[in-house]
Amino acid sequence: MVGKKYGYFIWGVNDETHEIVGTNFDQYQDYKNEPYQNFLNRNLSPKIKFDFFEEIINEKRIVVLKIESANDVPTSFNGERYIRIGSSKASMKDNPKLEKALFKVLENGYPTILNTVSLYQDLTFEKLFMYYGSKGIELRKETFKKNLQLLTDDGKYNILAQLLSDNSHLPLRLSIFEGESKGSNLYTIKEFGFDCILYSLKNLIDYGDVLNIIQSDETNRKEERKETPLFDIKSYNEAIVNAVLHNKWVDGHEPMITVYSNRIEILSRGTIAPAQTIEGFYLGESVPVNEKLSEIFAQLRISDKSGRGVPKIVENYSKDAFDFRENSIVVTLPFNKNRKVGNKVGNEIGNTSPATRKHGLNATRKQILSEMRHNPNITKAELKIIIGISDTAIDNNIRYLKNNGYLERIGSNKDGYWKVVD
C-alpha cells in the first residue's frame, strides 16, 4: 500500500487463503452506546475521510472500509500514532527514524517515476512511436501521454516520460576493466544512450552477445572440441532487464554494469519494493518497483510478469549471485573458464570499436539484422536514428550483410522489404 491514495480493510475474506467466506460484521452497530462510525471519527485526529461499503460476491457478504491516506501529518487514534512494521503495528514514538521518514513522505509525497516532475520538459517521442510500431502496436498521438501516464497531476512531464523520450538524459553505461577490481586498467566505457530507454536497453542486451566469448577447450582432446560460453546469456538478459525495470530512477541515477576479468556485476539503484520480502524475491513473486514501466515492458514483450527472472539466475548461479546493499542490489555473474583467460575479455571486447566475432558480425550489424527481423519494412533513415550512426555507415553495413548472404532485399527500394537469412 506504500504510496497509494487509499488503504482498505476487508471483512469476509480469509487472511491466509484469500477465500471469500462472508461476514456478519455490522458497520452500523453501536460501540459503547455510540454509533460505531461516530466512535471512529471522534477518535481520529486530524480527521481523515473513510467510508464503508458492502457487496455480495458468490452469495457471500463482504464489508470494505476505504480509508484516505493521511495528509501533512500522520493521523492519531485516541491520541496515539501507529506505524506498521511487517504485519504488526507499533507506536510511532518508539520508532523515531521511521517517524522522520514518514513525515518526509507526507511533506513531499512518496516519490515515484509518475509523480516526480522531470527536469526536462522539452521532450519528444519519435523513437517511442517507432518502437511500438516495430512491435505491431499503434500509439495514438492524441492519447498516448494519458494512456502511458507520462504527465503529473499538474500536467508536467514526469520521470517516466523522460525515460521514454528521444533523449532520456540517463545513459546506460558498461565499463570494462582488465583485472578483478576497479583498481586495474580501464579498457573502455561503452555508452548506450542518451536515448529512449527502450532502445538503450535493447542495445545493451544485444551487446551481451559481443561480451559472451565462446571458449574452446582443446586440452586432452580426443574427439571433439568443447565450447563453453563465458556466462549464461539468459541470466545476463534477465539481470539487465530487472536492473532497468526496478531501478530507483527518481534519484537521477542509472544502473551500472561493470565487466571484470572474472565476472560481470550489474548494479541497480534502490532496494526491493516496499511490499516485497526477500523470500518472495527469490521465489519470483513479482512486485515491481516501477509499476507502470513494468506494464509497458510486458506490453512490448520485453519482459513478462511471471517473475521467472530471479529464479533463472538463482538456478544458474545460486542465491550468492545477489548482494543486497543499503542503497542498491548487485547481481554478479561469474565467468565460466575452460582455461586461464587472463586479459582476453578486455582484448576482445574492451576496445572502443569491439573486434568482430564469428563470421564478422559486429554489434552494429547484429543490431541491423535484429531491427529488420522485427520490422522488415524499416527504412535506412529509421535505422540511422535507432542506431545512431551516419548514412554512409548504414549503407556500408547493409552492403556487407547483403554481400555475405545475411540479408536480401525483396522487391524495389521503394516498395520492397528486407529478408534476414538465418
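About the criteria used
- Residues numbered from 1 in each chain as written.
- Predicted model: local features only at pLDDT ≥ 70, side-chain atom pairs only at ≥ 80, totals over all residues.
- Heavy atoms only, no water.
- Axes fitted to C-alpha atoms, helices over the stretch in contact; angles between N-to-C directions.
- Helix = DSSP H or I, 4+ residues; strand = E, 2+ residues; numbered from the N terminus.
- Parallel < 35°, antiparallel > 145°, perpendicular 65-115°, else oblique.
- Contact = heavy atoms within 4.5 Å.
- Salt bridge = Lys/Arg side-chain N within 4 Å of Asp/Glu carboxyl O.
- Buried < 20%, exposed > 50% of the residue type's maximum accessible area, 1.4 Å probe, protein only.
- Left-handed = near helix turned anticlockwise from the far one by under 90°.
- Nonpolar A, V, L, I, M, F, W, Y, C, P; charged D, E, K, R; others polar.
- Expected span 1.5 Å × (residues − 1).
- pLDDT = per-residue confidence, 0-100.

**Focus on the packing of helix 13 (residues 380-387) against helix 14 (residues 391-403)**
Stage number 1. One way to put it is that helix 13 packs onto helix 14 with a least axis distance of 10 Å and a crossing angle of 110°. Taken together, the axes of helix 13 and helix 14 lie roughly perpendicular to each other. Here Lys380, Leu383, Lys384 and Ile387 of helix 13 lie close against helix 14, whose contacting residues are Asp391, Ile394, Asp395 and Ile398.

**What about the pattern of salt bridges?**
Stage number 1. Summed over all chains, the structure comprises 15 salt bridges.
Stage number 2. One salt bridge in this structure joins Lys202 and Glu371, with 3.4 Å as the shortest N-O distance. Placement of the pair is Lys202 in helix 6 (residues 197-211) and Glu371 in helix 12 (residues 363-374), with a sequence separation of 169 residues.
Stage number 3. Judged by its relative accessible area of 10%, Lys202 is buried.

**Here's the deal with the packing of helix 6 against helix 12**
Stage number 1. Between helix 6 and helix 12, the least distance of the axes is 10 Å, while the angle of their chain directions is 125°. Classified by the angle between their axes, helix 6 and helix 12 sit oblique to one another. Note that helix 6 runs across helix 12; the crossing there is right-handed. Contacts from Tyr199, Lys202, Asn203, Asp206, Tyr207, Asp209 and Val210 in helix 6 reach Ala363, Lys366, Gln367, Ser370, Glu371 and His374 in helix 12.
Stage number 2. Its residues placed into classes, the contact of helix 6 with helix 12 shows four nonpolar, four polar and five charged.

**What about helix 7 (residues 233-245)?**
Stage number 1. Its 13 residues place the ends of helix 7 18 Å apart at the C-alpha level, agreeing with the 18 Å of an ideal helix rising 1.5 Å per residue.
Stage number 2. Ser235, Tyr236, Ala239, Ile240, Val241, Ala243, Val244 and Leu245 are the residues of helix 7 that are buried.

**Quick look at the confidence of the model for the chain**
Stage number 1. Chain-level pLDDT for the chain is 85 on average; 89% of the residues reach the 70-or-more range.
Stage number 2. Here helix 11 (residues 344-349) stands out as the least confident element of the chain, with mean pLDDT 50; helix 5 (residues 159-164) is the most confident, with 97.
Stage number 3. Low pLDDT (under 50) marks residues 349-359, which in the prediction has 27 contacts with non-local residues, meaning those over four places away or in another chain.

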